[in-house]
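# Residue-level structural notes
Chain by chain, the residues:
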Amino acid sequence: MSQSSHWKYALLLSASFAMMPLALAQEAGEDADEQETSRALPTVTVTAQRTEESLQSVPIAITAVGGEQMQDLGITNVDDLALHSPGVNIKTDFGAANPNIFIRGVGISDFNANVTGAVGVYIDEVYTASPAAQLFQFFDAERVEILRGPQGTLYGRNTTAGALNFVSRKPTDEISANLYAEYGNYNALTVEGGIGGPIAGDKLKGRISGILAQRDGTLDNTYQGGQAPSELNDRSSWGLRGQLEFTPSETVNFLGSLYTGSSDASALQSQHRGLLDPVTFALCMPVPTQSGICIDPLGYTDADGDSFKGQYDAPSKETIDFWGATLKADIDLGDYTLTSVTAYQDVDRHTIFDGDQSPNSFLVPIHDPESNQFSEEIRLVSPTDKRFRWIAGAFYFEEDLNFNGSFDLFRTVRPAIEAAAAGLTPDQLAMSPGGFVNGYNPLGGADLATALGNPIFAFPSQVVEYGYDQTVETWALFGQSYLDLTDDLTLTLGLRYSEEDRTFDSFSQTVERPADIIIPLVQTSAALGNNETSFDDLSYRAALEWQATDDIFLYGSISQASKSGGFNGAVLLAQAQATPFDDETLTAYEAGIKSDLLDGTLRLNATAFYYDYEDLQVYILVNSGGLPQQVLTNAAAAEVSGIELEALAQPIDNLQLSLGVALLDSEFKDFEVPASVGIALQDFTGNSLPYSPEVSINAAANYRIDLSNGGEIRLGGDLAYQDRAFVDPGNTPRLATDDYTLLGLHATYRPPASNWEFGIWGRNVTDEEYVAYTVDLSDFGVDYVQFGDPATYGVSLRFNY
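Residues numbered from 1 in each chain as written. Predicted model: local features only at pLDDT ≥ 70, side-chain atom pairs only at ≥ 80, totals over all residues. Heavy atoms only, no water.

## Notes on the overall build of the chain
- When helices and strands are counted, the chain shows seven helices and 39 strands.
- Accessible surface computed for the chain: about 31400 Å², of which carbon and sulfur atoms make up 56%. (Helix = DSSP H or I, 4+ residues; strand = E, 2+ residues; numbered from the N terminus. Areas by Shrake-Rupley, 256 points an atom, 1.4 Å probe, with all protein chains shown as cover.)

In structure tokens, the structure reads:
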């Protein structure tokens, strides 16, 4: 389907949805005013601009998802948000706790531990740098706010794509408790709950909450001769949060939070797709788009035809331990409010997995990052009832990251190399101990000299160890003002000045076979003078908002934000790759409308935007006939444009409908990768940005049946559609994700006068198989192919007090 066809389809769907409430209203006739009012949609409060405001009066494109809605949709971590948010795409590879978040096509697909994303993730106002730390805190939610577009002034650090605001439930004035539990196939169990209330009158309140989430693996390992478990891609994690709120006087409030969590499961494993011709060892032509056709360098092919089965020999394990603490202080200074948010977080992660996705062992990565961060933000807010209002503040952040990793290369081939070195003939070699899986011998029947010309022997087997210590220190001053030009017209102006210093000391070495050191390994250090870099930036925002009527709000804005540059955290094979990449700058132009129509029963919001990118940071996994190389560089210019629609309607009593549509067009306007970075010259100008689907749609319907005995039944369904997307700057067709449509269903029953609810649910109920992402390792003769989760279903229990 062409891009224009996609857009026409989505626009027609949007228009049809928007007309639905009107058609239903005409069919039903005119209702009494108070009946219309009873169906009016509730006000949604957000804190996107650091103060509480109605969603419908904030000049930013925002999606807000409430806590119980997250439970019904199965959202337990940041990965799950993409299915229910227009324009959001989340990729997870090289470890289940390693999400790369894209909003409106803006993000970076680098999987290394020191990567800085383009989406700022804020947990209770605390910027959370480590992707692994984000895993444990999406529970006991009041809501999640997804801010689309650059948020450089109020959020600052690395928010060129946008920001995710997670807001947890806080201690309450009276005793309150909640519990949600669900059990499903794959022995999936999630239990989430919290209890809170007063401890010492109105002076001291508390809340404690937690989550336990576990599931058997969805990927069956049919090879029993290695160290990998029989089931892979399982889940097992828990999180705990304790909060104390102390109010010593009417003008001072302290909120302290201590949180921790742990995960112990298999690492994320993918499907194997061989790329080599079994006779010539050249790339198969045409290059395959499915498994079971071609082989990898050791002759293996995954021919079972099952997207949730494979053969894996290497250990697969990912463990994460995390803890943190936050102290927020609010001081009422009369007309002004002073806020301080102080936080510390510490996370340790260990990941080992089968990198070749096969029963042979020629690529086994190990990643061991340990990081800790400290942050402090101070804000002063002026009176909110004045014609001129402002917020000003200062921010400090420091992160220390220690990383140790290794790649165990070609271990299966070592017996052959050693036998060949001992002068064995090919026939003798085929009979030697340590043979290959399925009896395959990569030396074949050729003479030894020809056999050793096989590409697999270009690099003798060895273990490459590498690591680094990275320190990031940044500070910023920021302010944003709001001037009411008239009663209905407001001008917003914001500025933020930031400075950042990075140091990066790395090492790499080849061990086990020191005589075979033939890989040119590059390092950074103070002695070499290539381990430090600094950045400064002035971000701004200007917006004009017009409350045209009580129910229609229009705005236009121009904003600029940047993402700091840094160092490549991969194994470096060329000196040029050790050169820091530059910071990126995004200038965004946006116009939007937010409206509550039909007596408040239809909420219709739309946004159009255009992005002008300079020095966009791009990750490239380069396969050029040797070892794959990871390159971090800058695209000189790129453009992104799009339209978004969000609608929420209650056309009749007890029925609520929602729709979100995102239409996207992206292009590298100037992106030529020079040979100076250690790879061949490549020109990606004119290609689409990675993970930028042209169309994404999410929709939901919920209907409540009021029973005569006072109980109620709720029926609901949700749908998520995403168009095919390229995953690499080269727009390689075989690597593109599939388009997919996922359907979820749920039903709950609440007995009369009860705090309990009982439910059943299903997600991806049509069991759609779709490629969620791929990784190109053609230098190793294989692709990783990761499929989305299969159909899941189960029962649920909810309690609120």
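Read on, since the account is not over.
## Some words on the state of the cysteines
- Inspection of every chain in the model, using the stated rule, returns one disulfide.
- One disulfide in the model links Cys284 with Cys294; its S-S distance is 2.0 Å. Across the S-S bond linking Cys284 and Cys294, the dihedral sits near -130°, which makes this disulfide left-handed. With Cys284 in the loop between strand 17 (271-274) and strand 18 (309-310) and Cys294 in the loop between strand 17 and strand 18, the pair connects residues that are ten residues apart, well separated along the chain.
- Here Cys294 falls in the buried class, since its relative accessible area comes to 3%. (Disulfide = S-S within 2.5 Å. Buried < 20%, exposed > 50% of the residue type's maximum accessible area, 1.4 Å probe, protein only.)

## Here we look at the layout of surface pockets
- The calculated volume of the second largest pocket comes to roughly 960 Å³.
- Lining the second largest pocket we find 33 residues, and of these Thr47, Glu52, Glu125, Lys328 and Asp330 sit closest to its centre.
- Residue assignment for the lining of the second largest pocket shows that the elements contributing at least two residues are strand 8 (141-148), strand 9 (162-168), strand 15 (235-249), strand 16 (252-265), strand 19 (317-332), strand 20 (337-352) and strand 21 (363-381).
- For the lining of the second largest pocket, the leading source of residues is strand 19, giving five residues. (1 Å grid on protein atoms, 1.4 Å probe; cavity = no way out; pocket = protein on both sides within 12 Å on 5 of 7 lines; lining within 4 Å. Points joined across faces, edges and corners; volume = space filled by probe spheres on them.)

## Points about a nonpolar patch on the surface
- A contiguous nonpolar surface patch, about 700 Å² in accessible area, is contributed by Ile175, Ile195, Ile208, Leu212, Trp238, Leu240 and Tyr801.
- Elements with a minimum of two residues in the nonpolar patch: strand 12 (204-215) and strand 15.
- Position of Ile208 among the secondary structure elements: in strand 12.
- Here Ile208 falls in the partly exposed class, since its relative accessible area comes to 45%. (Patch = residues over 30% accessible without salt bridge, like charges linked within 9 Å, V, L, I, M, F, W, Y side chains within 5 Å. Salt bridge = Lys/Arg side-chain N within 4 Å of Asp/Glu carboxyl O.)

## A look at the sheet that holds strand 17
- Read from one edge of the open sheet, three strands run 17-38-37, paired in antiparallel fashion. Since the sheet does not close on itself, it has two edges, and those belong to strand 17 and strand 37 (771-777), each with one partner. Strand-to-strand twist across the sheet, computed as the mean angle between neighbouring axes with direction ignored, equals 25°.
- Relative to strand 38 (residues 782-787), strand 17 runs antiparallel, the two sharing four bridges. When the bridges of strand 38 are listed, Gln271 appears paired with Val785. (Pairing = 2+ DSSP bridges. Axes fitted to C-alpha atoms, helices over the stretch in contact; angles between N-to-C directions.)

## Notes on the nonpolar core
- In this structure, Leu81, Leu616, Ile620, Phe668 and Phe671 are the most contacted members of the largest nonpolar core, which totals 41 residues.
- Once you skip the residues sitting within four places of it in the chain, Leu81 turns out to touch Ile75, Ile90, Phe138, Val144, Ile146 and Leu164.
- Core analysis: the next-biggest nonpolar cluster, separate from the first, contains 30 residues, Leu268, Leu401, Val775 and Leu777 among them. (Core = buried A, V, L, I, M, F, W, Y, C linked by side-chain atoms within 4.5 Å. Contact = heavy atoms within 4.5 Å.)

## So, a negative patch on the surface
- Together, Asp469, Glu473, Glu499, Asp501, Asp505, Glu532 and Asp536 make up a negatively charged patch on the protein surface.
- Looking at the negative patch, the elements that each hand over two or more residues are strand 23 (462-484), strand 24 (489-511) and strand 25 (532-547).
- When residues in the negative patch are grouped by element, the largest group, three residues, is from strand 24.
- On the secondary structure map, Glu473 appears in strand 23.
- By relative accessible area, which is 36% here, Glu473 ends up partly exposed. (Lys, Arg positive; Asp, Glu negative; His and termini not counted. Charge placed at Lys NZ, Arg CZ, Asp CG, Glu CD.)

## Thoughts on the pattern of salt bridges
- Tallied over the full model, the rule gives 35 salt bridges.
- The salt bridge involving Glu646 is made with Arg148; its shortest N-O contact spans 3.1 Å. Placement of Glu646 in strand 29 (residues 629-649) and of Arg148 in strand 8 is noted, with a sequence separation of 498 residues between them. With respect to burial, Glu646 and Arg148 carry one shared label: buried.
- Arg750 serves as the salt-bridge partner of Glu712, at 3.4 Å between the closest nitrogen and oxygen. Of this pair, Glu712 sits in strand 34 (residues 712-722) while Arg750 sits in strand 35 (residues 740-750), and the two are 38 residues apart along the sequence.

## Here's the deal with the pairing of strand 36 (residues 756-763)
- Examined bridge by bridge, strand 35 and strand 36 share five bridges and lie antiparallel to one another. Of the residues in strand 36, the one forming a bridge with Thr748 is Gly759.
- Here strand 35 folds back onto strand 36, and the loop between the two strands holds five residues, one of which, Ala753, carries a positive phi near 50°.
- Here strand 36 runs beside strand 39 (residues 792-800); their pairing, made up of eight bridges, is antiparallel. Looking at strand 39, one finds that Gly762 is bridged to Tyr793.

## Things to note about the sheet that holds strand 18
- If you walk across this open sheet you meet the three strands as 14-13-18, and the pairing is mixed. Each edge of the sheet is formed by a strand with only one pairing partner; in this case those strands are strand 14 (231-232) and strand 18.
- Summarising the sheet, strand 13 (residues 219-221) and strand 14 pair through two bridges and their orientation is antiparallel. Residue pairing in the sheet places Asp220 in a bridge with Glu231 of strand 14.

## A few points about the side chain of Thr792
- Here Thr792 shows up in strand 39.
- Residue class for Thr792 comes out buried when judged on its relative accessible area of 15%.

## A few points about the packing of aromatic side chains
- One pass over the structure, following the stated rule, counts 26 aromatic pairs.
- On the numbers, 6.4 Å between centres and 55° between planes, the contact of Phe374 with Tyr396 is tilted. Pair noted here: Phe374 is in strand 21 and Tyr396 is in strand 22 (residues 388-409), with a separation of 22 residues, a long-range link.
- On the basis of relative accessible area, Phe374 is assigned to the partly exposed category, the value being 34%.
- Among the aromatic residues, those joined into a ring-pair cluster are Phe403, Phe407, Tyr466, Tyr468, Phe504 and Phe567.
- Residue placement shows Arg104 over the ring face of Phe609; its charged tip is 4.0 Å from the ring centre.
- The ring of Trp761 is capped by Arg763, whose NZ or CZ atom sits 4.0 Å from the centre of that ring. (Phe/Tyr/Trp six-rings, centres within 6.5 Å; stacked < 30°, edge-to-face > 60°. Lys NZ or Arg CZ within 6 Å of the ring centre and 35° of its normal.)

## Details of the confidence of the model for the chain
- In this model, the chain carries an average pLDDT of 85, and 86% of its residues clear a pLDDT of 70 or more.
- A low-confidence stretch, residues 429-459 (pLDDT under 50), is modelled with 56 contacts involving residues beyond four sequence positions or located in other chains.
- Within the model, pLDDT remains below 50 along residues 514-518, and this stretch shows seven contacts once partners closer than five positions in the same chain are excluded. (pLDDT = per-residue confidence, 0-100.)

## Brief notes about the environment of Gly292
- Secondary-structure assignment places Gly292 in the loop between strand 17 and strand 18.
- For Gly292, a relative accessible area of 33% corresponds to the partly exposed category.
- Remark: the alpha-carbon pair of Gly292 and Asp304, spanning twelve residues in sequence, is separated by 7.3 Å.

## Observations regarding the environment of Gln271
- Along the chain, Gln271 turns up in strand 17.
- According to the relative accessible area criterion, Gln271 is buried, its value standing at 5%.
- Here Lys309 takes part through its backbone oxygen, which lies 2.7 Å from a polar atom of the side chain of Gln271. (Polar contact = N/O pair within 3.5 Å; in protein donor to acceptor, adjacent residues only side chain to side chain.)

## What about the environment of Phe281?
- Assignment of secondary structure puts Phe281 in the loop between strand 17 and strand 18.
- Distance in space between the C-alpha atoms of Phe281 and Pro297 is 7.2 Å, their sequence separation being 16 residues.

## Here's the deal with unusual backbone geometry
- The linkage connecting Met285 with the following residue, Pro286, adopts the cis geometry, with an omega of 0°.
- Here Pro286 shows up in the loop between strand 17 and strand 18.
- At Arg104, a position not held by glycine, the phi torsion is positive, near 55°.
- Position of Arg104 among the secondary structure elements: in the loop between strand 5 (99-103) and strand 6 (119-123).

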